[in-house]
Amino acid sequence: MKLRFVWNCDVLIDLHSHLEGRVRPDTAAELAAGLGVPAPDGGWERAIQLDGPADLTVYLAKVAVTYPLFRSLEAARRIAREAVEDASTAGLDYLELRLGPATHASDESGIDAVIAAIAEGMREASAATGMPSGAVVAALRHHDVETNLAVARAAARFAGEGVVGFDLAGDELLYPELEPHRGAFAIARAAGLGITCHAAEAAPGPAAREAAEILGATRIGHGAHIVDDPETLRWAADSGIVVEICPTSNWYTGAIPSIAQHPAPRFRDAGVRLVLGDDNPLQTGSGMREERETLVSTLGFGPDDLAALDRASVDAAFLEPSTRRALAARLP
Ligand SMILES: [Zn+2]
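Here is what the cut-offs are and how they apply
- Residues numbered from 1 in each chain as written.
- Predicted model: local features only at pLDDT ≥ 70, side-chain atom pairs only at ≥ 80, totals over all residues.
- Pairing = 2+ DSSP bridges.
- Helix = DSSP H or I, 4+ residues; strand = E, 2+ residues; numbered from the N terminus.
- Axes fitted to C-alpha atoms, helices over the stretch in contact; angles between N-to-C directions.
- Contact = placed C-beta atoms within 7 Å.
- Core = buried A, V, L, I, M, F, W, Y, C linked by C-beta atoms within 7 Å.
- Buried ≥ 20, exposed ≤ 12 C-beta atoms within 10 Å, placed from the backbone.
- Parallel < 35°, antiparallel > 145°, perpendicular 65-115°, else oblique.
- Nonpolar A, V, L, I, M, F, W, Y, C, P; charged D, E, K, R; others polar.
- Left-handed = near helix turned anticlockwise from the far one by under 90°.

A. Region of interest: the sheet that holds strand β1 (residues 13-18). Strand order in the open sheet formed by eight strands is β1-β2-β3-β4-β5-β6-β7-β8, and the pairing between neighbours is parallel. Each edge of the open sheet carries a strand with a single partner, namely β1 and β8 (273-276). Neighbour-to-neighbour, the strand axes of this sheet turn through a mean angle of 25 degrees, independent of strand direction. The sheet contact formed by strand β4 (residues 163-169) and strand β5 (residues 194-199) spans two bridges and is parallel. Paired with Phe166 across the strands is Ile195, a residue of β5. Packed on one face of the sheet, helix α8 (residues 145-157) meets β3 (133-140) and β4 and runs near 165 degrees to β3.

B. Summary view of the nonpolar core. In this structure, Ile115, Ile118, Ala135, Val137, Val151, Ala155 and Val243 are the most contacted members of the largest nonpolar core, which totals 96 residues. Ranked by residue count, the leading element in this core is helix α7 (residues 111-129), at nine residues. Not counting residues within four places of it along the chain, the set of residues in contact with Ala155 comprises Ile115, Val137, Val163, Phe166, Ala188 and Leu193.

C. Local environment of the packing of α8 against helix α9 (residues 182-190). Contact geometry for α8 and α9: axes closest at 8 Å, N-to-C directions at 5 degrees. The angle between α8 and α9 falls in the class roughly parallel. Contacts between α8 and α9 pair Asn148, Leu149, Val151, Ala152, Arg153, Ala155 and Ala156 from the former with Gly183, Ala184, Ile187 and Ala188 from the latter. For the contact of α8 with α9, a count of residues per class yields eight nonpolar, two polar and one charged.

D. Inspection of the pairing of strand β2 (residues 94-99) at higher detail. The buried fraction of β2 amounts to six of the six residues, a majority that puts the element mostly inside the structure. Here β2 shows no split at all, with Tyr94, Glu96 and Arg98 on one side and Leu95, Leu97 and Leu99 on the other all buried. Two strands pair when backbone bridges link them, and β1 and β2 are joined in this way by four bridges, in the parallel orientation. Pairing of Asp14 across the sheet is with Leu95, part of β2. Two elements, β2 and β3, share five bridges in a ladder whose sense is parallel. If you follow Leu97 over to β3, its bridge partner there is Ala135.

E. Here's a closer look at the packing of α7 against α8. Their axes nearest at 9 Å, the elements α7 and α8 cross at an angle of 40 degrees. It follows from the interaxial angle that α7 and α8 lie oblique. When the axes of α7 and α8 are compared, the crossing they make is right-handed. Here Ile111, Asp112 and Ile115 of α7 come into contact with α8, specifically with Ala150, Val151, Ala154, Ala155 and Arg157.

Interpretation note: all reported values are geometric properties and have no functional meaning in isolation.
This is the structure:
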């Protein structure tokens, strides 16, 4: 019975997943050889995959090991294409894929070229598989204001051309200030992009509310610490903000001490709208089906809770109207 409602879901929508967390180890090895990037000790699979729960530093190092592979635009395009293909093979119905283009831009390939290559790879795979996908361009907390403004302007140029959203990612403890990024997010909003923000993942709960008020976020990435602050939790429920939960990722980064202590049930009980993501599935070894199963087997989600999550996912996805209607029509 449990398996029936986990696996026979009406829609499987991933709203928080990073491109750098979807690089196939075999592809990494092949690209590295072509690009002259030295093979990491122990090989690419070991370099990318975590053995188990760790801390944010170790987790981010496993993500960052893929960065040199994006130096070539053709490599970036291939990685994006394969990420969407893999999501379709895993049974997903829609994937939003995040990427920080400024990290991958170089003197030869600027921010626009990086976004164009990744959007093209995603478009190719969506056309081939029939699974829609959209890119969410991320500004990074540790980048300067000018860089993030340039990223926002580039994302805006690709609005409707593969880019659907704008995000802020990076180390929230070292760089908690949101005010410097107000301008970049204004540009993204003016272009019609959906707005999300990694917030209250490492910082205290009120950071989520600041992301909504300063940046205009309608979705919050992780938001694990919202539940620690009763006032912010009430605000989250009342405002209708959507929290993108990624349980295994939070455990592996050390944001929560065990998977059983993930705040998903407390969000649900407070009436906060939830959607699901797998964050960096090749680093954690846990994709969307595993995350959904965790909600049921470890966090006590029942069929009604999953139905609410599916509804919120269709509503909150940065989708164009016809795709949203098609997915909504599949909901019970
Ligand atoms: Zn993330």
